[in-house]
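Take a look at the letters that make up each chain.
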Amino acid sequence: MRLVIIAAAFAGLALSAGAAFADDAAATPTSTTGDPDKIVCKQGDPTTGTRLGATRTCRTQREWDDLQQQAQKTLVESQLKSFGNRPAGSSN
C-alpha cells in the first residue's frame, strides 16, 4: 500500500514538473519542430554582486535539449533519493 502511495506521489510530481517546464518549452523551439543543429542563444541571469549585464550563451538546439534532459534526470534522481532516505516510521 505504501508503495502505491509513493508511486502516486511521484506521478503527481512528474505532472507538476511538466507543467512548470511547459512555459519554458513554449518559448524555445524544440528539436522536433526545427533544425537540431541550429544555433540558439539564451540570455542568462546576471551574476550576483556585479553591475554588469547577464551573460549570453549560444549552443545548438540539440545541446540545449540534452542539457534540459540531463537537468530533468538529475531532478528525478534527487527526488527518488530523498524518498529512499526517510526513516521507516516517518510520514513526511
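This one's a predicted model, so the numbers in the text were calculated from it and none came from an experiment.

**Some remarks on the overall build of the protein chain**
Then comes step 1: Scanning the protein chain for helices and strands turns up two helices and two strands.
Then comes step 2: Going through the 92 residues of the protein chain one by one, you find that 9% of them count as buried.
Then comes step 3: Taking the contacts inside the protein chain whose residues are at least 6 apart along the sequence as the reference set, 43% of them involve residues at least 24 apart.
Then comes step 4: As displayed, the protein chain offers around 7,300 Å² of accessible surface, 59% of which is attributable to carbon and sulfur atoms.

**Considerations on the state of the cysteines**
Then comes step 1: Throughout the structure, instances matching the rule amount to one disulfide.
Then comes step 2: The side chain of Cys 41 participates in a disulfide bridge whose partner is Cys 58; the two sulfur atoms lie 1.9 Å from each other. Between Cys 41 and Cys 58 the sulfur-sulfur dihedral comes to about 105°; the bridge is accordingly right-handed. Of this pair, Cys 41 sits in strand β1 (residues 39-43) while Cys 58 is found in strand β2 (residues 56-60), placing the two residues 17 residues apart along the sequence.
Then comes step 3: What makes Cys 41 partly exposed here is its relative accessible area of 31%.
Then comes step 4: According to the relative accessible area criterion, Cys 58 is partly exposed, its value standing at 42%.

**Thoughts on the pattern of salt bridges**
Then comes step 1: Enumeration over the complete set of coordinates arrives at one salt bridge.
Then comes step 2: Of the charged contacts in the structure, one is a salt bridge between Arg 62 and Asp 37, with a shortest N-O distance of 2.9 Å. Of the two residues, Arg 62 sits in helix α2 (residues 61-84) while Asp 37 sits in the loop between α1 (2-27) and β1, which places them 25 residues apart along the sequence.
Then comes step 3: Classification of Asp 37 as partly exposed rests on a relative accessible area of 46%.

**Overview of the environment of Pro 36**
Then comes step 1: Relative to the helices and strands, Pro 36 is located in the loop between α1 and β1.
Then comes step 2: Sequence separation of Pro 36 and Asp 65 is 29 residues, and the distance between their C-alpha atoms is 8.8 Å.

**Examining the environment of Lys 38**
Then comes step 1: Its location among the elements puts Lys 38 in the loop between α1 and β1.
Then comes step 2: Placed 23 residues apart in sequence, Lys 38 and Gln 61 show a C-alpha to C-alpha distance of 5.8 Å.
Then comes step 3: If we ignore the near neighbours within four places in the chain, the residues touching Lys 38 are Arg 59, Thr 60 and Gln 61.

**Remarks on the confidence of the model for the protein chain**
Atomic detail in the predicted coordinates should be set aside for any region of low pLDDT.
Then comes step 1: Taken residue by residue, the protein chain gives an average pLDDT of 73. The fraction at 70 or more is 55%.
Then comes step 2: Throughout residues 19-31 the model reports pLDDT below 50, and contacts reaching past four residues in sequence, or to other chains, amount to ten contacts.

Definitions and limits used
Residues numbered from 1 in each chain as written. Predicted model: local features only at pLDDT ≥ 70, side-chain atom pairs only at ≥ 80, totals over all residues. Heavy atoms only, no water. Helix = DSSP H or I, 4+ residues; strand = E, 2+ residues; numbered from the N terminus. Buried < 20%, exposed > 50% of the residue type's maximum accessible area, 1.4 Å probe, protein only. Contact = heavy atoms within 4.5 Å. Areas by Shrake-Rupley, 256 points an atom, 1.4 Å probe, with all protein chains shown as cover. Disulfide = S-S within 2.5 Å. Salt bridge = Lys/Arg side-chain N within 4 Å of Asp/Glu carboxyl O. pLDDT = per-residue confidence, 0-100.

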